[in-house]
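What follows is the residue order along each chain.
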Amino acid sequence: MIIRRYLSGQLLITTIAVTSLLTLILMGGRVIKFFGMAAEGRLDVNLLSAVLLYRLPGFLELIIPLSLFIAVLLVFGRLYIDNEMAVLSSSGISRWQLIGSLVPVVLLITVTVASLSLYFTPKGNYLYEKVFSQQANRNAFDMVKVGQFQKIDSHMLYANAMSTDKSQLLDVTLYSEKQREHGTSQIMLFAKTATRQIDANTGRQTLILTDGYRYELVAGQIAYNRLAFKNYQMRLRFEVQEPEITKIRAFSTPDIQQRIQQGDKIALGEWLWRCSMPLLAPTGLLLAIALSKVNPRQGRYLKLLPAILLYISLVVLIGATRNKIAKGKMAEIGLWSVHIFYFGLGILLLSWDDIKLRYQAWRDAKGAAV
């Protein structure tokens, strides 16, 4: 009981520390990317914290199993360096018994990763995609195509250029028609810039034109009206249909299962990926404990890099197999074969010393019989 509490406490503390460090490193890169998008006008600065929060579960489902793997290497490596494993072994406690004492911790981490992979990550991905799909409505002129005539409300609009932050249209032409008593009146407006303004209370949208002219004329008549203006305001509705979210990673798990029943291979690949994430914890535990054995003279970090490379190869193989399954080039058993191989490799590495002893005993017995 004392050993279980000691190892579980050390493992949890180290896992949390490594998870925090890796999360800060990876999220730091995302923060830089999102700030760049905000500077380009593609993302509202006020949404940065929400976007980072939505992406966090997707990072954690990969980081937590890796953190557990590294934590086991560090904790058990220290036990070997300090000769504590030798003391435990001489006391009759094998590595398999130590693995049994860590089952509650591994089970807790597995359940946590499963909840992230099956629920929180798809939910976060959906909200993440939702934010960017709504930017067409929040950004000023994302729906305006520069250099083309297009219908905006009851007007035809043409803009020669757009400012870098997409807040202004440059060299704007607006054309509209109105029914008058004497006939159809044609109205044309020319302005250097156009800015959209939205009332926070009513949501009404106003187009503000600056430095331009307004012409009103009737076909077949010579007379026309010309008005020069510094500022000209007109009410317009910029209606943008919010794009549908089609990325498979943003679909909920029930939706994924429904698509699988319809024969969707991409959904099958996504489902297998989500199921694979929780399995990384027990497989990583076996591999890490087997690879953590070091000679006290060699140092606890000798096998750290090769072990991490082995773990990365597992994740890469899962991703590659998933992509082949999504493309219909491989059966579902291919991915489970990857899990079985690495799980079996962990068991083999843990049992290697026993296998060698049994083999040596068999050879000695055979030699004695001869």
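Everything discussed here concerns the structure shown above.
Residues numbered from 1 in each chain as written. Predicted model: local features only at pLDDT ≥ 70, side-chain atom pairs only at ≥ 80, totals over all residues. Heavy atoms only, no water.

Trainee: Just to check I follow, could you spell out the pairing of strand S5 (residues 205–218) for this structure?
Mentor: For a regular strand, side chains alternate in direction, first toward one face of the sheet and then toward the other. With 10 of 14 residues buried, S5 is to be regarded as a mostly interior element. Where strand S4 (residues 183–198) lies against S5, 13 bridges are found, and the strand directions are antiparallel. Along S5, the bridge assignment pairs Thr193 with Thr210. With 11 bridges connecting them, S5 and strand S6 (residues 224–235) associate as antiparallel partners. (Buried < 20%, exposed > 50% of the residue type's maximum accessible area, 1.4 Å probe, protein only. Helix = DSSP H or I, 4+ residues; strand = E, 2+ residues; numbered from the N terminus. Pairing = 2+ DSSP bridges.)

Trainee: Quick question: what am I supposed to make of the environment of Glu84 here?
Mentor: Residue placement: Glu84 occurs in helix H3 (residues 84–90). Those residues in contact with Glu84 that lie beyond four places of it in its chain are Tyr6, Arg78 and Leu79. (Contact = heavy atoms within 4.5 Å.)

Trainee: Explanation requested: the nonpolar core in the structure shown.
Mentor: Among soluble globular proteins, nonpolar side chains are generally buried collectively. Within the largest apolar cluster, 48 residues are counted, with the highest numbers of intra-cluster contacts made by Leu11, Val72, Phe76 and Ile289. Of all the elements in the fold, those that place two or more residues in this core are helix H1 (2–39), helix H2 (48–81), H3, helix H4 (95–101), helix H5 (103–133), helix H8 (265–291), helix H9 (304–326) and helix H10 (333–369). Ranked by the residues each element gives to this core, the list is headed by H8, at 13 residues. With near-sequence residues (within four places) excluded, Leu11 lies in contact with Leu68, Ala71, Val72, Val75, Leu102 and Val105. (Core = buried A, V, L, I, M, F, W, Y, C linked by side-chain atoms within 4.5 Å.)

Trainee: I'm lost on the packing of H2 against H8 in this one. Help?
Mentor: Two measures define how a pair of helices packs: the angle their axes make with one another and the distance between the axes. Two elements in contact, H2 and H8, have axes separated by 8 Å at closest approach and are oriented at 10°. Classified by the angle their axes make, H2 and H8 are roughly parallel. Judged by residue contacts, Glu61, Leu62, Pro65, Leu68, Phe69, Val72, Leu73 and Phe76 of H2 engage Trp273, Met277, Leu280, Ala281, Gly284, Leu285, Leu287, Ala288, Ile289 and Leu291 from H8. Residue classes in the contact of H2 with H8 are distributed as 16 nonpolar, 1 polar and 1 charged. (Axes fitted to C-alpha atoms, helices over the stretch in contact; angles between N-to-C directions. Parallel < 35°, antiparallel > 145°, perpendicular 65-115°, else oblique. Nonpolar A, V, L, I, M, F, W, Y, C, P; charged D, E, K, R; others polar.)

Trainee: For this particular structure, what's the right way to read the sheet that holds strand S1 (residues 150–152)?
Mentor: In a beta sheet, neighbouring strands are held together by backbone hydrogen bonds and run either parallel or antiparallel to one another. Spatially, 6 strands are ordered S1-S2-S3-S4-S5-S6 in an open sheet, and the strand pairing comes out antiparallel. Sheet topology places S1 and S6 at the edges, where each strand pairs with a single neighbour. The mean angle between the axes of side-by-side strands here comes to 30°, regardless of whether they run parallel or antiparallel. The pairing of strand S2 (residues 155–162) with strand S3 (residues 168–180) spans 6 bridges and is classified as antiparallel. Within S3, the position partnered with Leu157 by the bridge is Leu174.

Trainee: I'm lost on the packing of aromatic side chains in this one. Help?
Mentor: Between two aromatic rings, the relevant description is the distance of the centres plus the angle of the planes. For the structure shown, the criterion picks out 7 aromatic pairs. Ring geometry for Phe190 and Tyr215: centres 5.9 Å apart, planes at 75°, overall edge-to-face. Remark: Tyr215 occurs in strand S5 and Phe190 occurs in strand S4; sequence separation between them is 25 residues. Accessibility expressed as a relative area gives 32% for Phe190, which makes it partly exposed. Here a set of aromatic residues connected by ring pairs shows up, and it is made of Phe190, Tyr215 and Tyr224. For Arg55, the ring lying beneath its charged end belongs to Phe59, and the centroid distance is 5.5 Å. Here Arg55 stacks its cationic end above the ring of Tyr128, 5.3 Å away from the centre of that ring. (Phe/Tyr/Trp six-rings, centres within 6.5 Å; stacked < 30°, edge-to-face > 60°. Lys NZ or Arg CZ within 6 Å of the ring centre and 35° of its normal.)

Trainee: When you look at unusual backbone geometry in this model, what are you seeing that I'm missing?
Mentor: Note: most residues except glycine have negative phi, and most peptide bonds are trans. For Asp171, which is not glycine, the phi dihedral falls at a positive 55°. Of note, Asp171 is situated in strand S3. For Asp211, which is not glycine, the phi dihedral falls at a positive 50°. Within the secondary structure layout, Asp211 lies in strand S5. The class of Asp211 is partly exposed, set by a relative accessible area of 33%.

Trainee: Explain the environment of Val338 to me, please; I cannot follow it from the model alone.
Mentor: Here Val338 lies in helix H10. Sequence separation between Val338 and Leu314 is 24 residues, and the spatial gap between their C-alpha atoms is 7.6 Å. Those residues in contact with Val338 that lie beyond four places of it in its chain are Leu314, Leu317, Ile318 and Thr321.

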